[in-house]
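Structural overview for review
Residue-level listing of the chains:
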Amino acid sequence: MDFKLSVVAVFLVYLNCSFALYFHIGETERKCFIEEIPDETLVVGKYKIELHDPNTRGYMQTSSAFGMHVEVRDPDDKTILSKVYSAEGKFSFTSHTPGEHVICLYSNSTRWFAGAQLRVHLDIQVGEHAIDYANVAQKEKLSELQLRVRQLLDQVEQISKEQNYQRYREERFRQTSESTNSRVLWWSFGQTLILLSMGFWQMRHLKSFFEAKKLV
């Protein structure tokens, strides 16, 4: 069982470690993504905004007036990041609660560009994939071997976090299943009680009816 769980965790690490895409939004439109993240995990998002050019029907680099508002909410719907960035850059945050984190992006464009269409390139990296190891090696003056050991240790830690998160999800699912089964049981018990009560009332009513008929 532990071996299977380890295989699943490793698969999820490499499946969900990052994703890169681009999407189109209007200036006032908000785009949100849901990312399942273990606790105490670093998340880094890199983005770039391009403005639609009606003359060439293509996209061009935006002016400095453009910016991107990034808002992140944790599974408890608490805001852990809400900040305005430039037209191109990156944002980062560390999760403190395991579960689904909602990452929302929308522009803070001015009235001069009202109604324009934007193309947003977004690359989100999670866990040890979000760490800039070249920068780490330079700051901590690590050799190639030391850096490789550091990467392996980070990978092992990330796998452990993924395993803990899968156990957490399994526990939540079990609690939900037990709660649902309990509610279904009590609902069935209530329906049975109501049917018995209605049957008893009808029998009493019919008995009184026949007794009244006999007296007549």
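A quick note: this is a predicted structure, and the numbers were derived from the prediction, not measured. (Residues numbered from 1 in each chain as written. Predicted model: local features only at pLDDT ≥ 70, side-chain atom pairs only at ≥ 80, totals over all residues. Heavy atoms only, no water.)

Regarding the pattern of salt bridges
The condition that has to hold: What counts as a salt bridge is simple: a side-chain nitrogen of Lys or Arg found within 4 Å of a carboxyl oxygen of Asp or Glu. By the criteria applied, helices consist of DSSP H or I runs no shorter than four residues and strands consist of E runs no shorter than two, each listed in order from the N terminus. Partly exposed describes any residue whose relative accessible area lies between the buried limit of under 20% and the exposed limit of over 50%, with all areas from a 1.4 Å probe on protein chains only and scaled to the type maximum.
In total, this model carries nine salt bridges according to the counting rule given. Salt-bridge contacts for Glu36 lead to Arg169; the nearest nitrogen and oxygen are separated by 3.1 Å. Remark: Arg169 occurs in helix 3 (residues 144-215) and Glu36 occurs in strand 2 (residues 31-37); sequence separation between them is 133 residues. Judged by relative accessible area, Arg169 falls into the partly exposed class, the value being 39%. Between Arg174 and Glu171 there is a salt bridge; the shortest N-O distance is 2.5 Å. Note that Arg174 and Glu171 are positioned in helix 3 at a spacing of three residues, about one turn of the helix. Within this structure, Arg30, Glu71, Arg73 and Asp77 form a network of salt bridges that share partners.

Description of the state of the cysteines
Each disulfide is one covalent bond, formed between the sulfur atoms of two cysteines. Filter applied, for reference: Criterion for a disulfide: a pair of cysteine sulfur atoms at a distance within 2.5 Å.
Scanning the entire structure with this criterion turns up one disulfide. Each sulfur of the disulfide joining Cys32 and Cys104 lies 2.0 Å from the other. The disulfide joining Cys32 to Cys104 has a torsion of about 105 degrees about its S-S bond and is therefore right-handed. Here Cys32 is found in strand 2, whereas its partner Cys104 is found in strand 8 (residues 99-107), with 72 residues between them in sequence.

Section: the environment of Cys32
The exposure class assigned to Cys32 is partly exposed, which follows from its relative accessible area of 36%. The spacing of Cys32 and Ile103 is 71 residues in sequence and 5.4 Å in space, taken between C-alpha atoms.

Brief notes about a nonpolar patch on the surface
To be explicit about the condition: Residues qualify for a patch when their relative accessible area is over 30% and they have no salt bridge, like charges being joined within 9 Å and the nonpolar side chains of Val, Leu, Ile, Met, Phe, Trp and Tyr within 5 Å. Exposure was quantified through the Shrake-Rupley algorithm and a 1.4 Å probe, taking into account, for residues, occlusion by the shown protein chains and nothing else.
Together, Leu145, Val149 and Leu153 give the surface a local cluster of nonpolar side chains, amounting to about 310 Å² of exposed area. When you line up the elements, Val149 lands in helix 3. Given a relative accessible area of 40%, Val149 falls into the partly exposed group.

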